[in-house]
Amino acid sequence: MKNSIAERVSDFLKDYPPFNKLTNKTLLKIAIEVTITYLEKGDTIFKKDDVCHDSFYVVRDGAINLYYSNEDVKEITNIHDTGDLFGLRPLINKEPYKLTATANEESIVYGIPIEVFQSLTDKNNKVQKYLITAFASNAFDPYTEEEAGKIFVDYLPSTSQDIVNFQTANYTKSPITCTTTSTLQAAAKKMSDHKIGCIVVVDNEKKPVGIITNSDIKNKIATGLFPIETPVTNIMSSPVMTGKKGLTIAHGQLQMIKHSIGHLCITKDGTVNSKLVGVLTHHDVLVNLGNNPTVILKEIKRTKRTKKLREARLKGNTLLRSYLEQNIPISHIINVISEINDAVTIRAIELALKKMPTAPPVAFSWLALGSQGRNEQLLFTDQDNALVFEDVPENKYEETQTYFLELAKLVTASLNKIGFEYCEADMMASNPEWCKSLTEWKNQFKSWILKPDEKAVLLSSIFFDYNRVYGNKELVDDLTDTIYTTLAETDIFYKFLARDATKSPSPLGFFKQFLVEKNGEQKELFNIKNRALMPLIDAARVLILSKQIRGVNNTSERFEKLAELEPNNKELHESCSYAFKALSKFKTKQGLLRNNSGKFIDLETLTKEEKLKLRRCFKPIQEIQDILKIRFDLKNFI
């Protein structure tokens, strides 16, 4: 007689590792022994220090929180959802549970008896390999093996090596040399003429016998140890360290570190007994790596043309891709790319100032708004910026504003050439509405806060996430003081912001299906920005503003700050922070994959696992929106 329940259990398990590595017959034997447990939200499956059960668990529906607790500390280590396996490690190790497992929501879990599982899988190498890998990576997530799943692994940096390190190093060909009979003065003159930091001393057969660097001249000549006319052989460093043509970047770098040198002579056979063919410097290594943020930032600061700025910013995208491939934590990635974006903007302003006929008439500040203002801009997006200038007499206002509008046009044009599209709504400093004196800006923000309407709230969502990128700090501090003083005078503005933050519907429909665009060019695509990211961004903004917290602009950092300030909602705020970072990472990977902003996603291109992971990130959205409705009393306001 058929056991329909066991068949349904078996049919479910077969899609998830390690059960997908078993035969149907074996799987059915396990399914017959499975216990099924229904859990209300908050129900506990096991607690820290409990004696381990005789079964481990698989989530059938819902989600299970695993958290570590110690006195007042309670930290969620993972949230398991459909198909995830948990509670196995203590059974294998025969030790008490080290974490507590509770239902994050209404859930159903399958309990798999360990004895049954072990007896049926003992000789299955694939299952054993999976378990070993899972133990090693401390994860029983069913998607650990999946490349796509890695986009969500935010806290497990990969150990994979950067392939760039093993590429052939580019070095200086035809290096500048001098002979052993040269004086130091003649050698220094050559170095000066060629604007180089070292010169190689060679013999009659062009073999390297020594090297002189700026440091040698500073330490041995400038200090009076040797006269300037001394032969180069008296002060050169010898013997030189050598490498062979075709050496890798990693090899060259290791040689420099090993011998504490900054220059490596490249010879035909890699020894001092053959002809010199080049010189590899420490700077060459950094340039070769290319994906080093320090190198990119230096390149940005040195560039004198917009075209070169674009090239440097594109290296930022290469860096971004590399970081994502290595599973570098998204927080670190955001910090690095934000620094690069700000550096590009600063350099664009500096170059624009040089093109202006005169110096600025008064002090000013350039403000980044929107995603750049929140330090969350990873890919090229459209521009959102503004300019505030020092107050001037009324009769000088138009003249002063005209100057800064011209400056802003040059800057926005440069940013556009670099890859940042013009804002379709013209929210840029080149628009007179967003290029004003300090007093005009103060009046603008007061109006938005004290007399909020639909337009004011819409603009506030952009302008309240500002960040000074360039210019006078006091101007922006003064403006910020006024904004927070005004915010303290009213609650109605928060209601408007909170109402706006709850307008976005759930990313999922009644039957938990993804809600996609119904019309237009994006029909049937999922808008991850508007449906998933913006509700979190808007919620974080209004909550942090209502706490009068300054200087925390980034959405995930805002939620982390809120978790500190509100212990009762710590778990929810941490979930929101995690969800935002995971969704940002997902959107960025999609953007790099499709060569666009990643905003719209074709769900047909996602794996089942990716869809499940996305759904998990959506869970805190509804909860944070419920918090906003209660806290800001929106019941009769909406």
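Residues numbered from 1 in each chain as written. Predicted model: local features only at pLDDT ≥ 70, side-chain atom pairs only at ≥ 80, totals over all residues. Heavy atoms only, no water.

Where an unreviewed UniProt entry is consulted, the protein chain appears under the name Nucleotidyltransferase, with the organism given as Flavivirga eckloniae.

*Asks:* Would you mind showing me how to read the side chain of Asn65 here?
*Replies:* Mapped onto the secondary structure, Asn65 falls in strand 4 (residues 63–70). Residue Asn65 is classed as buried on the basis of its relative accessible area, which comes to 2%. A polar side-chain atom of Asn65 sits 2.9 Å from a polar atom in the side chain of Asn104. There is a polar contact of 3.0 Å between the side chain of Asn65 and the side chain of Glu571. Apart from the residues lying within four places of it in its own chain, the contact partners of Asn65 are Ile76, Asn78, Ile79, Thr100, Ala101, Thr102, Asn104 and Glu571. (Helix = DSSP H or I, 4+ residues; strand = E, 2+ residues; numbered from the N terminus. Buried < 20%, exposed > 50% of the residue type's maximum accessible area, 1.4 Å probe, protein only. Polar contact = N/O pair within 3.5 Å; in protein donor to acceptor, adjacent residues only side chain to side chain. Contact = heavy atoms within 4.5 Å.)

*Asks:* Help me understand unusual backbone geometry, please; the structure alone is not making it clear to me.
*Replies:* Residue Pro239 is reached from Ser238 by a cis peptide bond, and omega for that bond is -5°. Residue placement: Pro239 occurs in the loop between helix 8 (232–235) and strand 13 (242–244). Phi at Lys195 is positive, roughly 50°, even though this residue is not glycine. Phi is positive for Gln548, close to 60°, though the residue is something other than glycine. Within the fold, Gln548 resides in the loop between helix 20 (528–546) and helix 21 (555–565). Taking the relative accessible area as the measure of exposure, Gln548 reaches 33% and is therefore partly exposed.

*Asks:* Help me out: how do you make sense of a positive patch on the surface in this one?
*Replies:* On the surface, Lys190, Lys206, Lys245, Lys268 and Lys275 cluster together into a patch of positive charge. Within the element layout of this structure, Lys245 appears in the loop between strand 13 and helix 9 (249–259). (Patch = residues over 30% accessible without salt bridge, like charges linked within 9 Å, V, L, I, M, F, W, Y side chains within 5 Å. Areas by Shrake-Rupley, 256 points an atom, 1.4 Å probe, with all protein chains shown as cover. Salt bridge = Lys/Arg side-chain N within 4 Å of Asp/Glu carboxyl O. Lys, Arg positive; Asp, Glu negative; His and termini not counted. Charge placed at Lys NZ, Arg CZ, Asp CG, Glu CD.)

*Asks:* Would you mind going over the sheet that holds strand 8 (residues 107–113) with me for this structure?
*Replies:* Within a sheet, each strand pairs with its neighbour through backbone hydrogen bonds, oriented either parallel or antiparallel. Read across the sheet, four strands follow the order 1-8-3-6 without closing on themselves; strand pairing throughout is antiparallel. What marks the edges here is a single partner per strand, and that holds for strand 1 (35–39) and strand 6 (85–86). Where strand 1 and strand 8 come together, five bridges link them in antiparallel fashion. Directly across from Tyr38, in strand 8, lies its bridge partner Ile108. Each of strand 3 (55–61) and strand 8 touches helix 4 (residues 114–121); the most contacted strand, strand 8, lies at about 60° to it. (Pairing = 2+ DSSP bridges. Axes fitted to C-alpha atoms, helices over the stretch in contact; angles between N-to-C directions.)

*Asks:* What's the story with the environment of Phe514 in this structure? I'm lost.
*Replies:* On the secondary structure map, Phe514 appears in the loop between helix 19 (492–501) and strand 20 (526–527). For the pair Phe514 and Phe526, spaced 12 residues apart in sequence, the C-alpha to C-alpha distance is 7.2 Å. In this view, Phe514 contacts Pro507, Leu508, Phe526, Leu603, Lys611, Leu614, Arg615 and Phe618; residues no more than four positions away in its chain are not counted.

*Asks:* Honestly, the pattern of salt bridges in this entry has me stumped. Any pointers?
*Replies:* In a structure, side chains of opposite charge can pair up when their charged atoms sit close to one another. Under the defined criterion, the tally for this structure stands at 29 salt bridges. Ionic pairing is found between Lys98 and Glu95, a salt bridge with its closest N-O pair at 4.0 Å. By sharing partners, the salt bridges in this structure join Arg374, Glu376, Asp465, Asp538, Arg541 and Arg558 into a single network.

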